[in-house]
Amino acid sequence: MTAELIIYNIGTLVVGKELGEIKNSMENIEVLENAYLAIVNEKVLDYGVGNIPSKLINDNTIFENALGKVVTPGIIDSHTHLVHYGSRENELPLKIKGVPYLEILKSGGGILSTVEATRKATKEELFKKAKATLDRMLCFGVTTVESKSGYGLSLQEEIKQLEVNKELNEKHPIDIVSTFMGAHAIPKEYKFNPNGYIDEVLKMLPIIKKKNLAEFCDIFCEDEVFSVEESKKILTEARKHGYVLKIHADEIISLGGAELAGELKTLSAEHLMAISDEGIKKLKENNVIANILPATSFNLGKNYAPVRKMINQGIRVAISSDYNPGSCPTENMQLVMQICSSQLKMTPLEIFKAVTLNAAMALNRKDKIGSLEINKQADFIIYDTKNLNYIFYNFGINHVQDVYKNGKCVVKNKHLVY
C-alpha cells in the first residue's frame, strides 16, 4: 500500500511506542531522529529513519517537509469539565484572600454557581461555548478530550450536557470521550437531604447508559462532598451498568479516595494532591493510572501531586488540564506540560508519554491513539521547534505549528483550517 501523505525531514519524531522495560518506565518510548511519517486512510502506514522507501510512494502522494522540526502524537486531555456555562472570576478575590474552596462551595459558590448557570443555558448556548473552547484546545495540539458532565445535577440537565458532548464529537475535529459525573456535588435542592440525591444518581445510571451517552463514571470523593462509603456505593452500582470507573481522589484532603480506587480497581484516579503513601501503594498494586492535574495546583497555589514518588514506584502517570470554570480555566495543555517540567521536575519524555500513550490508556484507547504506531489514528502535531527541550524552555507560548487529525490538516501555521 502506498501513502496519501508523507511528512519527511522530521528532526525529532516522538513515535510514542512503548519499548522494553527500563529503570524509568515513564521514559521508555520510541523517539527517532531524521525521520519520516507515512499516512493512508486516516491512519499511520509507516514511519522510519532516513530515505523514504519507494514502495510507499505513488504519483499522487503528497509530501510535507517538516524542515527538521519536532513531530509528536496529538495531545490527549483525559480530564476536563468541558461543557458548562458562565464563569467564576468573581471568586478570584476570595481565592487570593485564601478562602478555602469547600467554604466557597458551602456558601453556594464553586460548582453550584456553575450548575445554576448551566441549567439556565440552552443546548445551543452550551454547544457554542464548548466549541470555542475546543477550537482553542485544537490550536494547542489537543486531538482527543475527555468531557465530564456534573454541572446539571439532575437527570434532565445531566442528559443535556452529555448530548452536547455527543454533538460536539460528531461536528468537531477533536474526539470527545464522555464521562457521567452526576456525583459532582450535592445540588441546592438536596442540601438537607444528601442521601436523597445519592438515590437520584443511582437512578440516573441505567437511564444514561441505556441512551449510550457516557462510557465512564466519575465521582468527587472529597470531604463534605461524597464520602468514601458513598463513592463506593455509587461506583459499584455504576460498574453493574457497564460504566468504566474513574474517581476524583484525595484532591484537598487525604480522605482515602486512592485506597478506594485500588480496592475497586478503577481505570484511573484523578488529582491526588493529598494522596497518602498507602494510597500510592494501592494504585501500584492494582494498576490504577494516576491522572494528575498540575495546573489546578498552580492556579490555586496548592501542593502538587507527588509525581516523582509515584513514578519511582512504577505507577503509570497521565497528565491532564482539568479545564473547568473554577479551579483551572485554561485550555493550554502546553502550559500544563511546562508546569510539570518546572515544578514537578518531569523530563520531556516523561511528560510526552503522560499526555499521549498513558492518557490514551486512561481513556481505554491505547489501541487507537496515543502513539504513531502503524494502523493507529494519524493524529499528530508539527511543532515550530527543533528539539523537545525548547518546548519546555520557552514557556507560556504556543509552540504548535500544524495539527493533523485522522491524517487531515486542521491547524496550519497556528490557524484553524478545518
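Look a little higher up for the structure.
Conventions used here
Residues numbered from 1 in each chain as written. Predicted model: local features only at pLDDT ≥ 70, side-chain atom pairs only at ≥ 80, totals over all residues. Heavy atoms only, no water. Helix = DSSP H or I, 4+ residues; strand = E, 2+ residues; numbered from the N terminus. Rg over C-alpha atoms; globule rule 2.2 N^0.38 Å. Buried < 20%, exposed > 50% of the residue type's maximum accessible area, 1.4 Å probe, protein only. Contact = heavy atoms within 4.5 Å. Areas by Shrake-Rupley, 256 points an atom, 1.4 Å probe, with all protein chains shown as cover. Polar contact = N/O pair within 3.5 Å; in protein donor to acceptor, adjacent residues only side chain to side chain. Pairing = 2+ DSSP bridges. Axes fitted to C-alpha atoms, helices over the stretch in contact; angles between N-to-C directions. Arc of directions from axis to C-beta. Phe/Tyr/Trp six-rings, centres within 6.5 Å; stacked < 30°, edge-to-face > 60°. Core = buried A, V, L, I, M, F, W, Y, C linked by side-chain atoms within 4.5 Å. Patch = residues over 30% accessible without salt bridge, like charges linked within 9 Å, V, L, I, M, F, W, Y side chains within 5 Å. Salt bridge = Lys/Arg side-chain N within 4 Å of Asp/Glu carboxyl O. Right-handed = clockwise from strand over helix to strand, strands pointing away. Parallel < 35°, antiparallel > 145°, perpendicular 65-115°, else oblique. Left-handed = near helix turned anticlockwise from the far one by under 90°. Nonpolar A, V, L, I, M, F, W, Y, C, P; charged D, E, K, R; others polar.

### A few points about the overall build of the chain
Phase 1 of the analysis: Looking only at helices and strands, one finds 15 helices and 17 strands in the chain.
Phase 2 of the analysis: For the chain, the C-alpha radius of gyration of 21 Å lies close to 22 Å, the compact-globule estimate for 418 residues.
Phase 3 of the analysis: If you line up the chain on its principal axes, its C-alpha atoms span 70 × 45 × 45 Å.
Phase 4 of the analysis: Counting across all 418 residues of the chain, residues that qualify as buried make up 59%.
Phase 5 of the analysis: Pairs at least 24 residues apart make up 71% of the contacts formed inside the chain by residues separated by at least 6 positions.
Phase 6 of the analysis: When the accessible area of the chain is evaluated, it comes to approximately 16800 Å², of which 51% is carbon and sulfur surface.

### Observations regarding the side chain of S231
Phase 1 of the analysis: You can see S231 is positioned in helix α7 (residues 228-240).
Phase 2 of the analysis: Within the local environment of S231, its side chain forms a polar contact with the backbone oxygen of S227, the two atoms lying 2.8 Å apart.
Phase 3 of the analysis: Look past the residues within four positions of S231 in its chain and what remains in contact with it is I219, C221, F226 and L260.

### Remarks on the side chain of E331
Phase 1 of the analysis: Examined against the element boundaries, E331 turns out to sit in the loop between β13 (317-319) and α12 (333-344).
Phase 2 of the analysis: Take E331: its relative accessible area is 14%, and that puts it in the buried class.
Phase 3 of the analysis: Each residue touching E331, except ones within four places of it in the same chain, is listed here: T133, R136, M137, F140 and Y323.

### Some points on the sheet that holds strand β8 (residues 175-183)
Whether parallel or antiparallel, the strands of a sheet pair through hydrogen bonds between backbone atoms.
Phase 1 of the analysis: Taken in spatial order, the eight strands make up an open sheet running β6-β7-β8-β9-β10-β11-β12-β13, and their pairing is parallel. Two strands bound the open sheet, and with one partner strand each, they are β6 (75-77) and β13. Averaged over all adjacent pairs, the angle separating strand axes in this sheet is 25°, with direction ignored.
Phase 2 of the analysis: Of the pairings in the sheet, the one linking strand β11 (residues 268-271) to strand β12 (residues 289-292) comprises three bridges and is parallel in character. Across the sheet, S268 pairs through a bridge with I289, a residue of β12.
Phase 3 of the analysis: Across the sheet, helix α6 (residues 194-210) lies against β8 and β9 (216-221), angled at about 150° from β8, the strand it touches most.

### Focus: helix α3 (residues 111-120)
Phase 1 of the analysis: Of the residues making up α3, those classed as buried are I111, L112, T114, V115 and T118. Buried residues of α3 fall within an arc of 155° about the axis and therefore sit on the same side.

### Brief notes about the environment of Y190
Phase 1 of the analysis: Counting through the fold element by element, Y190 comes out in the loop between β8 and α6.
Phase 2 of the analysis: Each C-alpha atom, one on Y190 and one on T122, is 23 Å from the other, the two residues being 68 residues apart in sequence.
Phase 3 of the analysis: Sequence-distant contacts of Y190, defined by excluding residues within four places in its chain, comprise G196, Y197 and E200.

### Details of the packing of aromatic side chains
Phase 1 of the analysis: Under the definition given, this model contains seven aromatic pairs.
Phase 2 of the analysis: Centroid distance Y190 to Y197: 5.5 Å. Interplanar angle 55°. Geometry classified as tilted.
Phase 3 of the analysis: For Y197, a relative accessible area of 1% translates into the label buried.
Phase 4 of the analysis: Pairwise contacts between aromatic rings join F352, Y383 and F392 into one cluster.

### Things to note about the nonpolar core
Phase 1 of the analysis: Counting residues in each nonpolar core, the largest one holds 100 residues, and the members touching the most others are F180, L272 and L283.
Phase 2 of the analysis: Residue contacts for L283: discarding those within four places in its chain leaves A258, A261, A269, L272, I275, V288, A290 and I315.
Phase 3 of the analysis: Residues L13, V15, V44 and L372 belong to the second largest nonpolar core, which totals 18 residues.

### Some points on a nonpolar patch on the surface
Phase 1 of the analysis: Together, Y8, I57 and F63 make up a nonpolar patch on the protein surface, roughly 240 Å² of accessible area in all.
Phase 2 of the analysis: Considering the arrangement of structural elements, one finds F63 in strand β4 (residues 62-65).
Phase 3 of the analysis: Looking at F63, the relative accessible area reads 38%, which means it is partly exposed.

### Let's talk about the pairing of β12
Phase 1 of the analysis: Both faces of β12 are covered, namely the face carrying I289 and N291 and the face carrying A290 and I292.
Phase 2 of the analysis: A crossover links β11 with its parallel partner β12, the connecting element being helix α9 (residues 277-285), and its sense is right-handed.
Phase 3 of the analysis: Bridge analysis of β12 against β13 gives three bridges, and the strand direction is parallel. Looking across to β13, one finds that A290 is bridged to V317.

### A short note on the packing of helix α4 (residues 123-139) against helix α5 (residues 155-171)
Phase 1 of the analysis: Between α4 and α5, the least distance of the axes is 10 Å, while the angle of their chain directions is 50°. When the axes of α4 and α5 are compared, the pair comes out oblique. For α4 against α5, the interelement crossing comes out right-handed. Contacts between α4 and α5 pair K123, L126, F127, A130, K131 and L134 from the former with K160, E163, V164, E167, L168 and K171 from the latter.
Phase 2 of the analysis: Of the residues belonging to the contact of α4 with α5, the class tally is six nonpolar, no polar and six charged.

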